[in-house]
Every structure is written in structure tokens, then in C-alpha cells.
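Structural description and commentary
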Amino acid sequence: MQIPTVAELYAKGEKPELLYWVGCAASFDQRAQRTARALATIFTRAGIRFAILAQEESCTGDPARRAGNEFLFQMMALKNIQTLNQYGIQTIVTSCPHCFNTLKNEYPALGGQYEVWHHTQYLYRLVREGRISLKPATAEALQSVTYHDSCYLGRGNGIYDAPRDILQALQMKIVEMAHHRSRGMCCGAGGAQMWKEEEKGQTRVNIARTQEALATGSRTIAAACPFCNTMLYDGLKHAGKEEEVQVKDIAELVAEHLASDPTVGG
Amino acid sequence: MLIAQIVFIALLVIAITLFSRQVRKIRRNILLGRDEQISGNRWKRWKNVLLLAFGQKKMFRNWIPAILHLFVYLGFIIINLEILEIILDGILGTHRLFLPYIKPVYPAFISAFEVLAVLVILACSIFLIRRNILHVRRFENPEMTCWPRRDANNILIFEIILMLLFLTMNASDQALQMKHYGHYYPTGSFLITHPIAQHLQQISPGLLVGLERGSWWLHIAGVLFFLNYLPYSKHFHILLAFPNTYYASLEPKSQMPLMADIVPEVRSMMGLEADDSQSAPASPPVHFGARDVFDLSWRHLLAAYSCTECGRCTAACPANQTGKKLSPRKIMMDTRDRLEEIGRNIDMHGSFVDDGKSLLNYISEEELRACTTCQACVEECPVSISPLAIILELRRYLVMEASSTPQEWNAMFTSIENNGAPWTFPPDERGQWASRLA
Ligand code: SF4
Ligand code: SF4
């Protein structure tokens, strides 16, 4: 499987049907790269002509803006909008809720108008339309799972159902945490916290949140954000549970359950 | 009679004058904020007012206090009808003015008010117990000591007293009716106070009249006092909840507002031509972000006066839950306190005289830094306040103007600028995960 870049397609006079906006985390972080690979596998299986920007992609500016550096945010936004517009990109799928929010809600004010999907929304569409088919339930799939709402998907953009619908399509049993949906608790990474130590307190946000996840008794914690993923994994390590319990992105779970002979595409 | 009318009218005029003077001050304070145009759908805004302010929709995220609050709220709205009669009686020197006009339904109306009065007493008593005996966690934060605590208790006790006076007035009135005394014409019996009236009959008519008049006067004087207490209290929310829900942001909670002022500068820095849609601002901002309340939008200042100090935001805040100093409720209270301080400064000097302080004397960097921008506070607030919006403006000031940034964030900024990523990975490695695909 070879993923073309938008520039390569452009050189051939082509345009992708969909731009996969990978984001910094899924580009560089080893855990999050698994999500990117899973998505690439799924897109390929569904026969979607997608491409990535590779080195032409830059940070959306989300952490800079949340930290208060509006200058830097606007610089990054204008730069990315320039790239996207130059290639005439219309549809974007991203695996990071922070990129999703910036691209979808914040770029229009600076001249970037795109149709932006978070991968959970897009994957659910593929499942619903039968463009990918899923393996019949395995014993593992029947185990309970708990889903951690990312703030920037849930409260920020009202996406609560798509990730859960996918888990249901995978025939997994969802056990909700004490705080879920609009009451979901932050993983602790947002607002540029990912890049600095937490302020002094009784405990860390990710540790508190992981406790809630562990309290559900689920062996799998599903996430839909690379930062939540990292934070929860660190929480598991702190609790010494990283062997028993796993954190996985929804995309990874879907990729693991792709039926080997696809009904469509291939 | 005439003297009573004059006293009453004087009382009314004084109370209303004082109240409107205070309201004008608050309005002036709110307008100290930066100008901000309200855009977007009017209909959606009205819908928010109907659902959130009138309909109490968000309150019902939390059932028990929502029902209790509903009693107090309905009690407040509906009893105003009764107060209308009291005021007219006071001005005209009449007694139960509406009675002859709506005689058949009058007892039903008053009985309904009485039932509400009992529910209000019940709800306020439970609220008092929750706050002072059960120690509900969200009322125990450090910002809830001294005045905020007393303010909340004052109001609850006050409401109970007002309702008790209302019931005493009706009970003694009916006792007098039963004795066919003076102008106390029969009204038909009121649900709650009728049985009490029967017991009161043993009391002499003179004493009963004293009781009736006494509670009538104390009730209305209490209401007028209450009116003038409001602007000094978090209970001003009963008025400001309405405009505040109207003006609240309609954007997704995760969308941070664009600083349009600096767009032309950034564009030219990047060698981009000016964008016609974003012409240069008429007056450049005094500060980048907010250092003081003047730099916040009037909408944020309106929100500060609308905050009910209920602490739902703080209870949901992950930073607060894990023991950080940040409390979104405190952000709103501090904003209001600072604004009030500036208001007093203006009252004293005619215009604002620099006091060497800013909002950052109230809100520490440690608090501001702890926010994960998770929007839980915005989600929870029953009156659509966004403490997050103020946090973001203050962070902008810290980073862009005060250059007070944690070292790690500076490194992150540098990396974004140089590598296009918050981590120090070179951009040409961005696609490597893909080339390593099997
Ligand atoms: S947005 Fe900030 S202040 Fe509001 S709840 Fe989240 S962490 Fe707390
Ligand atoms: S900001 Fe809203 S939720 Fe927070 S204390 Fe004030 S009224 Fe309550």
C-alpha cells in the first residue's frame, strides 16, 4: 500500500477525493501512528482515493492558540490555508479532534472553507453505507469496552454518537464511565497542557480519568483522539494496568475487524 | 388613610429611584468593556432565552436542585401578580383591589399563590440545609467564604420571611373576615391560611388588624428592600439571566474567537496581500488579549454580573476536581469584583484613575495555566456563561504581551514555528509513518 501525497497527485493533474489530515501526533507519535496506519488501511479497503500532505502539512496552530499565542496560530492557519487552497482541497478527514475543530470551526474566519470530518464520523458513514464490512463478532469483540469522549469532539462539536455507533457495529458492549457524553471528563491534554507539566494539585487529570475508566471493568478503553490516547495510556501505566487493559483508537478497532474479503473496493 | 398612602408612595419612589440608580451604574460598568458586535441568528438567541432563562433547561441536568429552584423561580414570577395588587392597594388606599372584579376566581388565585409560598419556604429551607448542614461540595470552595456565603444565606432567609409574612397577612385577613370586621370583606377561603385563620379568631380584632397591617407593610417593605439588595448580590441573575442567554455565543464551544485586529499584521508579516474582507481596524487594541476588565468584551462583563455563583462549572472542571487552584466560578466572581472596584473608583473620581491594579491581581497565572479548555464549565453553566472565554483572553495577554510563558510552552511555540509541529521533529519526517506501511 502506497499513500500518495497531494503534491504527487497534483503533478499528475489529479486531485484526491479526500485529504487525510494526519496531524502532528499521528505523524510523529508512535502510538498515534497506529491510528494513522489503521485509517490508511480502512480507506484503501474501502477504495477511497485519499492522499496526505506529508511535509506540506503543518501544525494547525491549535496548541499555540489555546496557550494564548494568537499570532502563531494565525501564521500557521494562513500557511495551511494557503496550501489547502492551492491544491483545491475540499474534503478533509482528520484523526485528531483538535485539528478537526481548528480546520472546521476556526479556519473559515481566515478564508479556509472545507468539508471537515472526524474519522469516527467518516468511518461510521463507511460502515453504514456498507463500504467496509466487518468481521463477525469475536469473543474479544463481545467484551465490554468503555468510550472516552474527547472534549473537542463531544462538547466542542456534539459528536457523541458516531464513535459509539461504531463500537456497537463491532458488537462490543459499551459500559459508560461515571462522566460521559456532555459530562465527559477531560484527559488533561487539551489547552496546550500536553506540552507542559500540570499545575500543582492532588492528582493528575489523566490519572483521575483513567481511574474512572478502570472502574467500568472494561478491558478496552476506546478513544478517538491521539492525545486522549496517550494520556489514558500513561494513566494505565501509573495504575500498573497497562498489561491487562488496553487503550485503542476507534480506527484501530475497526481496522482489526475488517472482513478479509471486502464486499466493495479492495 | 391618606398618610399611609403618602408614606407608601414615598417608599415606592425611593426604592425605585435607588434601584434604577444602581442599575444604571451596573450598566455603565458593563459598557466599560470592549465593544463587540453581536452577529448571528436572532431567532436562535430568543430560543436560548426561552429555553435557558425562562425554561430553566440547563438546570435540569441536576434534578433535585432544579425542582427546588423551579419552585422559587415560579414563586418569584407568579407572586409578582400579587405584589401588583399590593402596590395598587398601597397607592390607592384600597384593600384587595382586584377582589370585586374577579370575585369567583379570587380565592383560587390567592390559594395558588399560597401553595407556591409554601413550596418556596420548603425549597429555601432545603437549600439552606444543603448549603450549611449537608455541605454540598460545590458550595465549599475557597471562593465561597465570607460574603458569597452570607449573600446566599441572606437571600434564602429573606425569601422565607417574605413568604411567611404573606401567609400571616392572609391568615389574619381571613380571621378578620370571619369576624365581619371593618372593611375586611369576605374573599372566600384560601387553601393554606384558612385553617390558620380559624385558630387566630381568638385574638382580639385590634391585634388582628395590627397583625394584618403589620405583615402587609413588612411584606411590601421587604420586597422593596429585596429589590435594592439585588444589584449588590449574585441574585441579580434573576434579571440578567435573560439578556445573558440572549447575548451568549452561538458558536461551537470549542471555537476560539479570532483576534481580527492582528490579522492584517500577520498577513503582511507573511508576505500575503491585504485581504479586503479584513480591513485594518479603526483603532488598534490597547492590549493583546485582556489585562484588565476594560480589555474584555462587554459580553464577558455582562456574564460576570449574571453569574449565580452556583459552582456547577467548578464542580465539572477537571482542573478543580484534581485539586488545582483553578475554579471557573472564581474567574467570574473575580471579574465582577474587579469591575465593581473600578466602578467605585469612577464614582469617587468622576473617571477611572489608575489604581495600579488589574484583573491579574485577582486571577493568578497558576489558575489560568491550569485550564485544559475542555469546555465543561461552558456546558454546565445554566445561564450560558463562558468562564473559558475570559481565561483565554487573559492567557493571550500573558503570552503575547506580558511574555510570561512557561518555558515548555516557549519551546513548543518555537518548535511549531520552526518545524511546523509542537515537537522537534523535522517536517520531512512527517510522511514517514506512511512509507513504513506494509
Ligand atoms: S474549560 Fe478550563 S475552566 Fe472550564 S472546566 Fe475546562 S479546565 Fe475548567
Ligand atoms: S459561571 Fe455559570 S455555572 Fe459557574 S457559578 Fe456562575 S452561573 Fe454557575
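Computed from a predicted structure; not experimentally measured.

1. A word on the overall build of chain B
Of the regular secondary structure elements, chain B holds 18 helices and 0 strands. Compactness check: chain B gives a C-alpha radius of gyration of 28 Å against a globular reference of 22 Å for 438 residues, more than 25% above the reference. In terms of overall dimensions, chain B has C-alpha extents of about 95 × 55 × 40 Å along its principal axes. At a minimum sequence separation of 6, the contacts of chain B that also span at least 24 residues come to 75%. Within the structure as shown, chain B displays about 20200 Å² of accessible surface, and the carbon and sulfur contribution to it stands at 64%. Distance between charge centres in chain B, computed from 42 positive and 39 negative side chains, equals 6 Å.

2. Observations concerning the site of ligand 2
Neighbouring residues of ligand 2: Cys307, Thr308, Glu309, Cys310, Gly311, Arg312, Cys313, Arg329, Met332, Cys381, Pro382 and Ile385 of chain B. Secondary structure elements with two or more residues in the shell around ligand 2: helix 11 (312-316) and helix 13 (328-349) of chain B.

3. Re the sheet that holds strand 6 (residues 173-174) of chain A
All names here are of chain A. Strand order across the open sheet formed by 4 strands is 6-5-7-8, with parallel pairing between neighbours. Single-partner strands in this sheet number two, and they are strand 6 and strand 8 (246-249). Bridge count for strand 5 (residues 144-147) against strand 6 is 2 bridges, and the pairing is parallel. Within strand 6, the residue paired with Ser144 across the bridge is Lys173. Taken strand by strand, helix 10 (residues 161-169) contacts strand 5, strand 6 and strand 7 (220-223), and its axis lies near 170° from that of strand 5.

4. Some thoughts on the pattern of salt bridges
Going through the model one piece at a time under the given rule, you end up with 37 salt bridges over all chains. Two residues, Arg299 of chain B and Glu36 of chain B, come together in a salt bridge whose shortest N-O distance is 2.7 Å. Residue Arg299 of chain B is located in helix 10 (residues 298-306), and its partner Glu36 of chain B is located in the loop between helix 1 (2-30) and helix 2 (42-54); the two are separated by 263 residues in the primary sequence. Overall, Arg299 of chain B belongs to the buried group, its relative accessible area being 18%. With its nearest N and O atoms 3.4 Å apart, the salt bridge here joins Glu379 of chain B to Lys253 of chain B. Placement of the pair is Glu379 of chain B in helix 15 (residues 376-380) and Lys253 of chain B in the loop between helix 8 (237-247) and helix 9 (263-269), with a sequence separation of 126 residues. When salt bridges that share partners are traced, they join Asp62, Arg65, Arg66, Glu70 and Glu106 of chain A together with Glu393 and Arg396 of chain B into one network.

5. Looking at the UniProt feature "transmembrane region" (unreviewed entry) in chain B
Residue and element names in this part refer to chain B. Using the residue numbers shown here, the UniProt feature "transmembrane region" (unreviewed entry) corresponds to residues 6-23, 66-88, 108-130, 151-169 and 214-232. For residues 108-130, helix accounts for 100% and strand for 0%, while the C-alpha atoms at its two ends are 33 Å apart. The distance from the first to the last C-alpha atom of residues 151-169 is 27 Å, and the span holds 100% helix and 0% strand.

6. Structural notes on the sheet that holds strand 2 (residues 50-51) of chain A
Sheet strands pair by backbone hydrogen bonding; their relative direction is either parallel or antiparallel. Residue and element names in this part refer to chain A. Spatially, the 4 strands line up as an open sheet ordered 2-1-3-4, and their pairing is parallel. Pairing within the sheet leaves two strands with one partner each, and these edge strands are strand 2 and strand 4 (115-118). Two elements, strand 3 (residues 91-94) and strand 4, share 4 bridges in a ladder whose sense is parallel. Among the inter-strand pairings, Thr94 is bridged to a residue of strand 4, identified as His118. Against the sheet, helix 7 (residues 119-128) touches strand 1 (18-21), strand 3 and strand 4, its axis set at about 85° to strand 4.

7. A short note on the interface of chain A and chain B
At the interface, 71 residues of chain A touch 64 residues of chain B. Contact between chain A and chain B buries roughly 5800 Å² in total, counting both sides, with carbon and sulfur atoms accounting for 63%. For the chain A face of the interface with chain B, the top three residues by lost area are Phe28, Phe71 and Trp195 of chain A, together amounting to 14%. In this structure, Arg430 of chain B and Glu57 of chain A form a salt bridge, with 2.8 Å as the shortest nitrogen-oxygen distance. Put simply, chain A and chain B have 31 residue pairs in polar contact (both at pLDDT 80 or more) between them. Every element with two or more residues in the side of chain A that touches chain B is listed here: helix 2 (23-28), helix 3 (30-45), helix 4 (62-67), helix 5 (70-86), helix 6 (97-106), helix 9 (154-157) and helix 11 (205-215) of chain A. Looking at the side of chain A that touches chain B, the element that brings in the most residues is helix 5 of chain A, giving 9 residues. In the side of chain A that touches chain B, the residues fall into 34 nonpolar, 22 polar and 15 charged.

8. Quick look at helix 13 of chain B
All names here are of chain B. With 22 residues, helix 13 should cover 32 Å at 1.5 Å per step; its first-to-last C-alpha distance of 32 Å lies within 8% of that length. Summarising burial for helix 13: 16 of the 22 residues are buried, a large majority. Directly after helix 13, the chain includes Gly350, whose backbone phi takes a positive value near 90°.

9. Points about the domain arrangement of chain B
All names here are of chain B. According to the domain assignment, chain B consists of domain 1 (1-34 + 48-232) and domain 2 (246-250 + 261-270 + 285-425). The C-alpha-based centres of domain 1 and domain 2 are spaced at 38 Å. Listed as interface residues are 25 residues of domain 1 and, on the opposing side, 35 residues of domain 2. With both sides pooled, the region where domain 1 packs onto domain 2 buries about 2700 Å², and carbon together with sulfur makes up 50% of that total. On inspection of domain 1 and its partner domain 2, the count reaches 5 salt bridges. Of the charged contacts in the structure, one is a salt bridge between Arg329 and Glu143, with a shortest N-O distance of 3.1 Å. Among the elements of the structure, helix 1 and helix 2 are those that each provide at least two residues to the side of domain 1 that touches domain 2. Considering every element that reaches the side of domain 1 that touches domain 2, the biggest residue donor is helix 1, with 5 residues. Split by residue class, the side of domain 1 that touches domain 2 holds 12 nonpolar, 5 polar and 8 charged.

10. Let's talk about the state of the cysteines
This model, assessed by the stated rule, comprises 0 disulfides over all chains. Among the cysteines around Cys59 of chain A, which has no disulfide bond, Cys24 of chain A carries the closest sulfur, lying 4.3 Å off.

11. Some points on the packing of helix 11 of chain A against helix 12 (residues 226-239) of chain A
The description of two helices packed together rests on the angle between their axes and the distance between the axes. All names here are of chain A. Between helix 11 and helix 12, whose axes approach to 8 Å, the crossing angle comes to 80°. Comparing the axis directions of helix 11 and helix 12 gives the class roughly perpendicular. Across the interface between the two elements, Asn206, Ile207, Arg209, Thr210, Gln211 and Leu214 from helix 11 touch Met231, Leu232, Asp234, Gly235, Leu236, His238 and Ala239 from helix 12. Its residues assigned to classes, the contact of helix 11 with helix 12 comprises 6 nonpolar, 5 polar and 2 charged.

Quick notes on the rules
- Residues numbered from 1 in each chain as written.
- Chains lettered and ligands numbered in written order.
- Predicted model: local features only at pLDDT ≥ 70, side-chain atom pairs only at ≥ 80, totals over all residues.
- Heavy atoms only, no water.
- Helix = DSSP H or I, 4+ residues; strand = E, 2+ residues; numbered from the N terminus.
- Rg over C-alpha atoms; globule rule 2.2 N^0.38 Å.
- Contact = heavy atoms within 4.5 Å.
- Areas by Shrake-Rupley, 256 points an atom, 1.4 Å probe, with all protein chains shown as cover.
- Lys, Arg positive; Asp, Glu negative; His and termini not counted.
- Charge placed at Lys NZ, Arg CZ, Asp CG, Glu CD.
- Near = heavy atom within 4 Å.
- Pairing = 2+ DSSP bridges.
- Axes fitted to C-alpha atoms, helices over the stretch in contact; angles between N-to-C directions.
- Salt bridge = Lys/Arg side-chain N within 4 Å of Asp/Glu carboxyl O.
- Buried < 20%, exposed > 50% of the residue type's maximum accessible area, 1.4 Å probe, protein only.
- UniProt positions renumbered as here; feature names shortened; annotations may be inferred.
- Buried area = accessible area lost by both parts, 1.4 Å probe.
- Polar contact = N/O pair within 3.5 Å; in protein donor to acceptor, adjacent residues only side chain to side chain.
- Nonpolar A, V, L, I, M, F, W, Y, C, P; charged D, E, K, R; others polar.
- Expected span 1.5 Å × (residues − 1).
- Domains from an automatic or database assignment.
- Disulfide = S-S within 2.5 Å.
- Parallel < 35°, antiparallel > 145°, perpendicular 65-115°, else oblique.

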